[in-house]
Amino acid sequence: MTTAPWRDPALPATARVDDLLPRMTLEEKTAQLYGVWVGAATDGDGVAPHQHDMTADYDWNELITRGLGQLTRSFGTAPVDPALGARALALAQRRIVAAGRFGIPAVAHEECLAGFTAWRATAYPVPLAWGAAFDPPLVEEVGRAIGRDLRAVGVHQGLAPVLDVVRDPRWGRVEETIGEDPYLVGTVGTAYVRGLESAGVVATLKHFAGYASSAGARNLAPVRAGTREFADVTLPPFEMALREGGARSVMAAYTERDGVPASADPELLTRLLREEWGFTGTVVADYFGIGFLQTLHRVAGTAAETAHVALAAGIDVELPTVKYYGEALVAAVRAGEVAEDLVDRAARRVLLQKCELGLLDEDWRPPSPESVESIDLDPAANRVLARRLAEESVVLLDNPDGLLPLAPDTRVAVVGPRAADALAMLGCYSFPSHVLPHHPGVETGIEIPTLLESLRAELPDAKVTFTEGCDVLDPDPSGFPEAVARTAEADVCVAVLGDRAGLFGRGTSGEGCDVTDLNLPGVQGELLDALVATGVPVVLVLLTGRPYALGRWHGRLGAVVQAFFPGEEGGPAVAGVLSGRVNPSGRLPVSVPRVPGGQPWTYLQPPLGLAGEVSNLDPTPLYPFGHGRSYTEFAWEDFTGGPAVEDGPATADGAATTDGAATVDGPATEIGTDGAHDLSVTVRNTGDRAGAEVVQLYLHDPVASVTRPDVRLIGYRRLELAAGESARVTFRFHADLSAFTDREGRRIVEPGALELRLGTSSAQVREVARVRLTGPVREVGAGRRLLCETEVLRNYGGPA
């Protein structure tokens, strides 16, 4: 029997919280606004920046008498058996419920960037690999599986996905992003959100907003993005994930833009996020982000001022542990320095979310610790998903003479520092890379086949030798002679090079592992030179967290395969591509540069960002965004929606340029600035094996009132086709997809000519539809269409 309205699940959540909030003391309300990080390191060697500076002392037993908002990373701080961890979390929740006057449990949160960051949990491919797969439905399945694992151990909130759009690939956290295009980031990120939320886990969008636009690609450096870049590149993925995905939490970024830190910006966290976009969930601080307002940004001088600035801006929850929203905030409210209404505003949002999670229900109980049995966080079904995503994400960049697939009985010299290291498959937020370096001697807890092991299994009749050649970062070249000797004895060399994921300079990729240029780390480039010089065909396999400049070897390699930290099943996935068991279908979510100094550059460039006569530097990438090859061939037929276009002149890598599509003749289809236009094409697999084509739709705006990217992605569809099979894909373009931010800061659809370009990459155009938007300039807001709908008709036989 319910004892108070706030306990009654039959009442609306707002009515329940309206009843509860006035019953709470100031201390009880502020207690809902912070987390506690039990077991966090304070010795200066933690897993978060400034952890040793920002972790406060507290008495746990005394603290929980007021209640508690969040429990931080019970599983993600140290290796703990999943079942034991679930029991410990259940026991902690029982103590919180018993100690507090209202018996409200905490929200338990964990990292889940590429899988649940816990010991013995599945390590999936990193988000950059999600982008390479161009397969939102599969990413949604992965998100759902991760959410189920989180809920199975008592976790309510996941700190993912990262929706930052890559602006400079030298940034260490590129591996955590989905790519360099906001539409790709938004659609794939939204799919992950849907999956996580469908499992009952609160998805937390990171990092709001602009974090990836830091100056010089330095982690946490000031953001230099202008108003229109911020509005048209940075923000759309977040808006899409909120509106289309239903994300219930947002994490404020560490960075500042134009002198205002994101964590102190009410324009961003309140006016835009809540008033314009209608967000009703919680805004949480990135770890110690509130404290950084005082210590790093210096926009507040005292703990009370810091709490006030963050709370007023719209940050509801201090993470990972209490320092500013505890005693300092209570004292400031009592002294009249901070309005209690601000505390109430944040507490209401937190309590509403707890109500949605069932944590205010009278019958809520954590499981009995004794009832928690063995928990498998890496079951066979998870590994199947991890394998599927890894296989779909591998990108065949080049295979000019058909060296791949490898002959089954060939002599293979496997060379390189990434071939026999299981950690070569994992990004910095995987548990083995993120936490286990602080626990030497502890096993990884999951099976991670290396590429060397996997290739030997794929090619049992081949003679496979191995030598490392060099370290990932150490400049010692003493292993070169043996590598050259083994290569000279082989029919083909598979050079496995790339990154070692780590944190804050302890790796070549990952948080705080930024680079000055896009040369391969260490002496790996010199090793590759030595291997190529043998005259034996070399297959370059890259296991990395970012793209690296490859122009130095263009035309000198037998094949190039790119995998972005493909997870625990990445070894078999990449080996399957090399053997031919897997037909590669990944597409580049980031451009691959030709030269290491030709960056920062992404494909979203206005005319002055492209190659031209005014500079001797040519930033054109070696392999463009969206590029990827296959072992089969696809014919595009029966295009409707506009005049056909011949492939443009070939570039060095065989991709057509957009030059041939820039002046398409023929009449344009007229539609209003609120109109729509369909364009369709039939794709036929003309080869002798199954494969996948990714049909990509790009927008070219020849003349606009502000400069626009030459092309930008506005739609895509992955088509998996058996040999001889065809499918007809229709893209339903709406004028809203052409919207941009004008000089007054309004988002508008502008009348004028547009080109809708269907292609196999951002630089290879197959078909063009010319459209003319007519009518007045139309201002669009939060209700505009964000997605280009697609429809697929399988086994299409063509027009009657």
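Scroll up a little and you will see the structure.
Below: a short report on this structure.

About the criteria used
Along each chain, residues carry numbers from 1 onward, in the same order as the chain's sequence is written. Whole-chain, interface and lining totals are the exception, using all residues; otherwise, since this is a predicted model, local features are given only for residues with pLDDT of at least 70 and side-chain atom pairs are given and counted only at 80 or more. The basis for the side-chain values is all heavy atoms of the structure; hydrogens and waters are excluded. We count a stretch as a helix when DSSP gives it H or I for four or more residues in a row; a strand needs E for two or more, and each element gets its number in order from the N terminus. Remark: exposure states derive from per-residue accessible area (1.4 Å probe, protein chains only) relative to the maximum for the residue type, with buried under 20%, exposed over 50%, and partly exposed in between. By definition, two strands form a pair when at least two bridges between them are found by DSSP. Only buried residues count toward a nonpolar core, which is a set of Ala, Val, Leu, Ile, Met, Phe, Trp, Tyr and Cys residues joined through side-chain atoms within 4.5 Å. Any two residues whose heavy atoms approach within 4.5 Å are treated as being in contact. Lines fitted to C-alpha atoms define the axes, with helix axes restricted to the stretch in contact, and inter-axis angles between N-to-C directions lie between 0 and 180 degrees. A clockwise course of the path from the first strand over the helix to the second, judged with the strands pointing away from the viewer, identifies a crossover as right-handed.

### What about the environment of L503?
Here comes step 1: Among the structural elements, L503 can be located in the loop between β13 (492-498) and α20 (524-532).
Here comes step 2: Here L503 falls in the buried class, since its relative accessible area comes to 3%.
Here comes step 3: Measuring from C-alpha to C-alpha, the distance between L503 and P776 comes to 51 Å, with 273 residues separating the pair along the chain.

### Structural notes on the sheet that holds strand β6 (residues 249-252)
Here comes step 1: Read from one edge of the open sheet, seven strands run β1-β2-β3-β4-β5-β6-β9, paired in parallel fashion. Two strands in the sheet have a free side with no partner beyond their single neighbour: β1 (35-36) and β9 (282-285).
Here comes step 2: Here strand β3 (residues 107-111) runs beside strand β4 (residues 157-159); their pairing, made up of three bridges, is parallel. Following the sheet pairing, H109 is matched in β4 by Q157.

### Remarks on the nonpolar core
Here comes step 1: Counting residues in hydrophobic clusters, the biggest one holds 204 residues, and the most contacted among them are F208, Y325 and L550.
Here comes step 2: The element contributing the most residues to this core is helix α15 (residues 340-356), with eight residues.
Here comes step 3: Apart from the residues lying within four places of it in its own chain, the contact partners of L550 are L397, L540, L542, V560, V592, P593, R594, L622 and Y623.
Here comes step 4: Membership of the second largest hydrophobic core comes to 35 residues, among which are V394, V412, I446 and L578.

### Here's the deal with the environment of R228
Here comes step 1: Along the chain, R228 turns up in helix α9 (residues 227-234).
Here comes step 2: A sequence separation of 517 residues divides R228 from G745, and the C-alpha atoms of the two residues are 7.5 Å apart.
Here comes step 3: Ignoring sequence-local partners within four residues, the contact set of R228 consists of V233, V706, T741, D742 and R743.

### What to know about the sheet that holds strand β25 (residues 765-774)
Here comes step 1: The five strands lie next to each other as β17-β25-β24-β19-β20, forming an open sheet whose pairing is mixed. The outermost strands of the open sheet, each flanked by one partner alone, are β17 (669-672) and β20 (712-721). Neighbouring strand axes in the sheet, compared pairwise and without regard to direction, differ in orientation by 25° on average.
Here comes step 2: By the bridge criterion, four bridges tie β17 to β25 in an arrangement that is parallel. Across the sheet, E670 pairs through a bridge with R772, a residue of β25.

### Some remarks on the pairing of β20
Put simply, side chains in a regular strand alternate between the two faces of the sheet.
Here comes step 1: Taking burial as the measure, the ten residues of β20 include eight buried ones, the bulk of the element.
Here comes step 2: Bridge analysis of strand β19 (residues 691-700) against β20 gives nine bridges, and the strand direction is antiparallel. What sits directly across from E693, in β20, is L719.

### Considerations on unusual backbone geometry
Here comes step 1: Residue K206 is joined to H207 through a cis peptide bond whose omega torsion reads -10°.
Here comes step 2: Looking at the secondary structure, you find H207 in strand β5 (residues 202-208).
Here comes step 3: Backbone torsion omega between L319 and P320 reads 5°, so that peptide bond is classified as cis.
Here comes step 4: For P320, the position within the fold is in the loop between α13 (303-313) and α14 (327-334).
Here comes step 5: For F134, which is not glycine, the phi dihedral falls at a positive 50°.
Here comes step 6: Counting through the fold element by element, F134 comes out in the loop between α6 (127-133) and α7 (136-152).
Here comes step 7: Phi is positive for D258, close to 55°, though the residue is something other than glycine.

### A look at the pairing of β13
Here comes step 1: In terms of burial, β13 is largely enclosed, as seven of its seven residues are buried.
Here comes step 2: Of the two faces of β13, the one carrying V492, V494, V496 and G498 and the one carrying C493, A495 and L497 are both buried.
Here comes step 3: As paired elements, strand β11 (residues 411-415) and β13 share four bridges and run parallel to each other. Counterpart to V414 in the pairing with β13 is V494.
Here comes step 4: Here six bridges tie β13 to strand β14 (residues 538-544), and the two strands are oriented parallel to one another. Looking across to β14, one finds that G498 is bridged to L543.
Here comes step 5: Crossover handedness for the path β13 to α20 to β14: right-handed.

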